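The chain contents come next:
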Amino acid sequence: MRNVYLITLFVCVALASIFGLRGTTFTRPPMDVFPEWAFPGMKYQPKLRPQGASTFFADGRADRVPPAHTVARGMLRDDDQLYLGKDDAGGWVKGFPAKLSVDRAFIEHGRERYTIYCAPCHSELGDGNGITKRYGMGATPTYHDDRLRNMAEGEIYNTITNGKNTMLSYADKLAPDERWAVIAYMRALQRAHQGKPADVSDPAARQTLGIQ
Amino acid sequence: MSKLFPKSANKLPLQILIYLGVLAGIATAGATYYLTPKYTRVGYAPVQPVPFSHAQHVQEVGLDCRYCHSSVDKSGHSNVPTAQTCMNCHNVIKPTSPLLAPVRESFEKNTPVPWVWVHRTPDFAYFNHAIHVNRGVSCVECHGKVNEMDTVAHTQPLSMAFCIECHRNPEMRLRDPKDIFNLDSKNLADQGRAEDARKYIHDWKVMPPQSCSGCHR
């Protein structure tokens, strides 16, 4: 009987050393406790998941692009000001499209989006010295020159939507109204850069800044 | 006629029973240890087609999770970034690096980069990123310290028990909304602000589903 217990102990130790402890790093696909052959169609149902693979479509993707020259219901973008940054005459829009209300919440939203998507290159201050400059993105311009201060909002919108030279498009990351919010925040940065002590009107803020 | 069985054989049935009991105990212990997602999934770190390092891009370059996983706060699905997202920088930074060849190929030919899926809920369970992220649950609760990983590894079991544990008692795990994407931040309870967390849950009516149909819909 003692031998049986010894053999059991040995087998346990051997198995434990094969299976290892919880949390060890491994690269082969995880084991299925309820395998697919025993419970077919539960874990992997015949449905397509976002960014998943498909054996049906020729390019192997589950995500489809709408066919050319079609518009999904409710997705018609017929407001050229809002969606293209162009006015009726076909020039770049000056100011913001009438449909948007530029208020504090709008600019705050713009600040958040700017910090995520633009600051890595254009820097939090908009001076073009974001962290990527150190790694070789030398062409990033500063916003604080007259060319960009006077540039029509519509043209900046177009740069965000379609990119320009080495800056690629951000249309997949920012919805149209978010792009306008980012522009509003860019304008706030440009204004702040030219700020003078006399511009600060809030007495409490004057005190913290040490302005007499 | 000699005795066929020695006297000690009288104890044998009992000994066999005891042994079977011990064996059952070992089997139960083994199954609870090895046949749960805590063992089968935690530590899964597949080899990716591009040795992309979160530690380098998040800590060194300082990118926000949303720069790449841009739909995480807007939709149920958190996207793996497009090749263009990488090319935003890598058309200028290390443009000829051999490590990035699959990304460049994908960008030029419009084919997918074959990233290997790490975290995956089964199709019979419903999960939604935006609702968690916008209601104070940080990525670190479910994905661990991705910002320190060179290769993404599965650090939490993401089993049903894991989900329910938080749904029953979210106040210990919620974060200040501005800390969600900062994986080094502490949750409200650990900051000693459990009171704030309770107030937040009350004011914002945070009610994670505990009934089966909440997740198995």
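Visitor: I would appreciate a short explanation of the overall build of chain A in the present structure.
Guide: For chain A, the count of helices and strands is 8 helices and 0 strands. Shown N-terminal to C-terminal, the secondary structure of chain A runs as helices and strands in the order α-α-α-α-α-α-α-α. Its C-alpha atoms give chain A a radius of gyration of 29 Å, clearly above 17 Å, the size a compact globule of 212 residues would have. Principal axes of the C-alpha set define a box for chain A whose edges measure 95 × 55 × 35 Å. Residues classed as buried in chain A amount to 30% of the 212 residues present. Pairs at least 24 residues apart make up 44% of the contacts formed inside chain A by residues separated by at least 6 positions. With an accessible surface of roughly 14,100 Å², chain A has 59% of that area assigned to carbon and sulfur atoms. Side chains of chain A carry 27 positive and 23 negative charges; the gap between the two charge centres is 8 Å.

Visitor: What am I meant to see in the domain arrangement of chain B here?
Guide: Size of an interface: often given as the accessible area lost when the parts come together. You can read the domains of chain B as domain 1 (7–35) and domain 2 (69–79 + 118–215). Each of domain 1 of chain B and domain 2 of chain B has a C-alpha centre, and these two points are 42 Å apart.

Visitor: How should the packing of aromatic side chains be read in this particular structure?
Guide: Any pair of aromatic rings gets described here by the distance separating the centres and the angle formed by the planes. Under the defined criterion, the tally for this structure stands at 14 aromatic pairs over all chains. Linked through ring pairs, F19(A), Y33(B), Y34(B) and Y39(B) together constitute an aromatic cluster.

Visitor: In this structure, what is going on with the packing of helix α5 (residues 83–90) of chain B against helix α6 (residues 101–109) of chain B? I would like to understand it.
Guide: In helix packing, the relevant descriptors are the interaxial angle and the interaxial distance, both defined with respect to the helix axes. Residue and element names in this part refer to chain B. Contact geometry of α5 with α6 gives a least axis separation of 9 Å together with a crossing angle of 110°. With respect to α6, the axis of α5 lies roughly perpendicular. α5 and α6 meet at a crossing whose hand is left-handed. Contacts from A83, Q84, C86 and M87 of α5 reach α6 at V103, R104, S106 and F107. Among the residues forming the contact of α5 with α6, the class breakdown is 5 nonpolar, 2 polar and 1 charged.

Visitor: Before we go on, may I ask you to explain the state of the cysteines in this structure?
Guide: Structurally, a disulfide amounts to a covalent bond that connects the sulfur atoms of two cysteines. All names here are of chain B. Per the stated rule, a full pass over the model turns up 0 disulfides over all chains. Cysteine C68 is unpaired, with the sulfur of C86 as its nearest cysteine sulfur at 6.5 Å. In this structure C215 is a free cysteine whose sulfur lies 6.4 Å from that of C163, the closest cysteine sulfur available.

Visitor: Just to check I follow, could you spell out the nonpolar core for this structure?
Guide: The nonpolar side chains of a soluble globular protein tend to be buried, and buried together. Counting residues in each nonpolar core, the largest one holds 28 residues, and the members touching the most others are Y114(A), Y117(A), I160(A), W180(A) and Y67(B). Those elements that place two or more of their residues in this core are α3 (104–117), α6 (153–162) and α7 (176–193) of chain A together with α4 (65–68) of chain B. With 8 residues, the single largest contributor to this core is α7(A). Excluding its chain neighbours within four sequence positions, the residues that come into contact with I160(A) are M167(A), S169(A), Y170(A), A171(A), L174(A), R179(A), V182(A) and I183(A). In terms of nonpolar packing, the next biggest core, distinct from the first, is built from 14 residues, V118(B), M149(B), F181(B) and L183(B) among them.

About the criteria used
- Residues numbered from 1 in each chain as written.
- Chains lettered and ligands numbered in written order.
- Predicted model: local features only at pLDDT ≥ 70, side-chain atom pairs only at ≥ 80, totals over all residues.
- Heavy atoms only, no water.
- Helix = DSSP H or I, 4+ residues; strand = E, 2+ residues; numbered from the N terminus.
- Rg over C-alpha atoms; globule rule 2.2 N^0.38 Å.
- Buried < 20%, exposed > 50% of the residue type's maximum accessible area, 1.4 Å probe, protein only.
- Contact = heavy atoms within 4.5 Å.
- Areas by Shrake-Rupley, 256 points an atom, 1.4 Å probe, with all protein chains shown as cover.
- Lys, Arg positive; Asp, Glu negative; His and termini not counted.
- Charge placed at Lys NZ, Arg CZ, Asp CG, Glu CD.
- Domains from an automatic or database assignment.
- Phe/Tyr/Trp six-rings, centres within 6.5 Å; stacked < 30°, edge-to-face > 60°.
- Axes fitted to C-alpha atoms, helices over the stretch in contact; angles between N-to-C directions.
- Parallel < 35°, antiparallel > 145°, perpendicular 65-115°, else oblique.
- Left-handed = near helix turned anticlockwise from the far one by under 90°.
- Nonpolar A, V, L, I, M, F, W, Y, C, P; charged D, E, K, R; others polar.
- Disulfide = S-S within 2.5 Å.
- Core = buried A, V, L, I, M, F, W, Y, C linked by side-chain atoms within 4.5 Å.

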